[in-house]
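# Survey of secondary and tertiary structure
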Amino acid sequence: MDYVIETRGLTKKYGEKIAVNQVFAHVKKGDIYGLIGKNGAGKTTLMKLILGLALPNAGEMRLFGNSYLDAGRKKIGSLIEAPALFKNESAFENMKRFSYLAPTSDDEIKRLLDFVGIGNTGNKKVGSFSLGMKQRLGIAIALLGNPELLILDEPINGLDPAGIKEVRDLIVDLNHKGITFMISSHILDELGKIATTYGIVNDGVLEEISAEDLRNNCRSALKIVVGDAVKATAAITANFPDAEFTVSDNMIEITSEVKDASVINKALVKADVAVYEIVNEKVEFEDYFIARLGK
Ligand SMILES: Nc1ncnc2c1ncn2[C@@H]1O[C@H](COP(=O)(O)OP(=O)(O)OP(=O)(O)O)[C@@H](O)[C@H]1O
Ligand SMILES: [Mg+2]
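Predicted model only: the values in this text are computed from it and were never measured. (Residues numbered from 1 in each chain as written. Chains lettered and ligands numbered in written order. Predicted model: local features only at pLDDT ≥ 70, side-chain atom pairs only at ≥ 80, totals over all residues. Heavy atoms only, no water.)

In this section: the overall build of the chain. Summing up its helical and strand segments, the chain has 10 helices and 14 strands in all. For 295 residues, the compact-globule estimate of 2.2 N^0.38 gives 19 Å, and the C-alpha radius of gyration of the chain, at 25 Å, exceeds that figure by more than 25%. The C-alpha extent of the chain, read off along each of the three principal axes, is 75 × 45 × 35 Å. Relative to its 295 residues, the chain shows a buried fraction of 46%. Put simply, of all contacts in the chain between residues at least 6 apart along the chain, 68% involve residues at least 24 apart. Split by element, the accessible area of the chain, about 15,100 Å² in all, is 50% carbon and sulfur. (Helix = DSSP H or I, 4+ residues; strand = E, 2+ residues; numbered from the N terminus. Rg over C-alpha atoms; globule rule 2.2 N^0.38 Å. Buried < 20%, exposed > 50% of the residue type's maximum accessible area, 1.4 Å probe, protein only. Contact = heavy atoms within 4.5 Å. Areas by Shrake-Rupley, 256 points an atom, 1.4 Å probe, with all protein chains shown as cover.)

Written out as C-alpha cells, the structure is:
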C-alpha cells in the first residue's frame, strides 16, 4: 500500500536526548491521524522531520509513495506551534503575506477565509481576534496552495470548549472534502476523538492503533458476583445465547454486548440465583491512553 506518509526507523537526537526514536509511521489517504502524547513526547519533532524543518539522524521516509520528498512536501500544508501572525493586519492581509509561497488570487483567499468561517471579519485586526479565530486563520494559511495533507500541531491548544468544537468540526468537514490530516494533541482533549488512526508517542517511541481496534480494546465488561455460579451460567446461556463470558469462582464476567445490567439481574433472580454485586467495568478511552503514556 502507498501511504501519504510512511517513515521507516526515523530517528532524531538532540545531543544525548532521543526526541524521535526509530519511528515507523503510516498515514493513509483520508486518515485523520492523531498523534497523541504528553509534553516532550516528540510530537512536534516528528512533524518537523516530516516537513523538512528538522533533519533526521537516521531512518527514511516516503511522502505520497515517493522518496523524492520535495515534491511531496509541496502537497502539504502545515501549522506548527502557534501561527506567526501579523497582529496589526486583517485576516485578508495576513493571507496575502503568506501566499507568497503559493501565489493565490484575492478571490481564492476570500473563499478560504469563508471556508474556515472568518470571511466576515473585514478590516478587523488579527490582534483583536479570539484564539479560535486565530487558529482558523492559521488553518486557512495552511490551506494556501490546495494541500492534500494538513499537518497541524496542537491546533486546539488553549481554546475554550466552543473553540475546540469549532476547530474539530472544521477538520472533520475538510476531511470529508478529501484532505488527509495529521494532528497532534494532548491525551485528554476532545480532538483525539475524531481520529481514524492513533499514533501514541511516548518518549520518542510511536505505537500505532486504528480507531476501530481501539474501540474494541475499550469494550466494557459486566462483572457479576453470584451465590451459585453453575446455576448462573445456565441462566445466562438460556436467556442470552450469544453472551460471551468467563467464570472464576463466584464471579462471572460478561465481555460481549449484553450491556444492560438490570436485564441480566432480572434473569438471574428469576432463575433463583442470588446476585451480590454487579459492576459495569468500563475500560475508558482515556484510561487506555493513560496506561500507554505513563503518568
Ligand atoms: N531544538 C531542540 N533542541 C534540543 N532539544 C529539543 C529541541 N526540540 C525538542 N527537543 C527535545 O526533544 C524532546 C521532544 O520534544 P517535542 O517538542 O518534539 O515534544 P512534543 O511532544 O511536541 O511536546 P509538547 O507537547 O510540549 O509540544 C523534548 O525532550 C525536547 O526537550
Ligand atoms: Mg509540541
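Anyway, onward from the coordinates.
Here we come to the packing of helix H5 (residues 131-142) against helix H6 (residues 161-176). Contact pair H5 / H6: the axes reach a minimum separation of 10 Å and the direction vectors enclose 20°. Compared by their axis directions, H5 and H6 come out roughly parallel. Crossing of H5 against H6: the hand is right-handed. Mapping the contact onto sequence places Gln-135, Arg-136 and Ile-139 in H5 and Glu-166, Val-167, Leu-170 and Leu-174 in H6. Here the residues of the contact of H5 with H6 are counted per class, giving 4 nonpolar, 1 polar and 2 charged. (Axes fitted to C-alpha atoms, helices over the stretch in contact; angles between N-to-C directions. Parallel < 35°, antiparallel > 145°, perpendicular 65-115°, else oblique. Left-handed = near helix turned anticlockwise from the far one by under 90°. Nonpolar A, V, L, I, M, F, W, Y, C, P; charged D, E, K, R; others polar.)

Moving on: the site of ligand 1. The local shell around ligand 1 holds 13 residues, among which Gly-40, Gly-42, Lys-43, Thr-44 and Thr-45 are the closest. Note that an oxygen atom of ligand 1 is positioned 2.7 Å from one of the backbone N or O atoms of Gly-40. Measuring from an oxygen atom of ligand 1, one finds a side-chain N or O atom of Glu-154 at 3.2 Å. Relative to its unbound accessible surface of 630 Å², ligand 1 loses 61% to contact with the protein. (Near = heavy atom within 4 Å. Polar contact = N/O pair within 3.5 Å; in protein donor to acceptor, adjacent residues only side chain to side chain.)

As far as domains go, the chain holds domain 1 (5-216) and domain 2 (218-286). Placing the centre of domain 1 and that of domain 2 at their C-alpha centroids yields a distance of 45 Å. (Domains from an automatic or database assignment.)

The next thing to look at is the environment of Met-1. As for its placement among the helices and strands, Met-1 is situated in the segment before strand E1 (5-14). Residues Met-1 and Asp-107, 106 residues apart in the sequence, show an inter-C-alpha distance of 38 Å.

A few words on the packing of aromatic side chains. Applying the stated criterion to the full structure yields 1 aromatic pair. Seen from their ring centres, Phe-86 and Phe-98 are 6.1 Å apart, and the 55° between their planes marks the pair as tilted. Residue Phe-86 is found in the loop between strand E6 (76-79) and helix H3 (91-98), and its partner Phe-98 is found in helix H3; the two are separated by 12 residues along the sequence. Its relative accessible area of 23% is what places Phe-98 among the partly exposed residues. (Phe/Tyr/Trp six-rings, centres within 6.5 Å; stacked < 30°, edge-to-face > 60°.)

Counted by the stated rule, this structure contains 10 salt bridges. Close ionic contact of Lys-96 with Asp-106 constitutes a salt bridge, the shortest N to O distance being 2.6 Å. Highlighted residues: Lys-96 in helix H3 and Asp-106 in helix H4 (residues 106-115), separated in sequence by 10 residues. Between Asp-173 and Lys-177 there is a salt bridge, and its shortest N-O distance comes to 3.3 Å. Assessed through its relative accessible area of 31%, Asp-173 is described here as partly exposed. A cluster of three or more residues bridged by salt bridges with shared partners is formed by Glu-6, Arg-8 and Glu-60. (Salt bridge = Lys/Arg side-chain N within 4 Å of Asp/Glu carboxyl O.)

Before going further, it helps to examine the nonpolar core. Among soluble globular proteins, nonpolar side chains are generally buried collectively. Counting residues in each nonpolar core, the largest one holds 32 residues, and the members touching the most others are Met-95, Leu-137, Ile-139, Leu-150, Leu-152 and Phe-181. Those residues in contact with Met-95, other than ones at most four positions away along the chain, are Ile-109, Leu-112, Leu-113, Leu-137, Ala-140, Ile-141 and Leu-144. Grouped together as the second largest cluster of nonpolar side chains are 27 residues, Val-23, Leu-35, Ala-54 and Ile-76 included. (Core = buried A, V, L, I, M, F, W, Y, C linked by side-chain atoms within 4.5 Å.)

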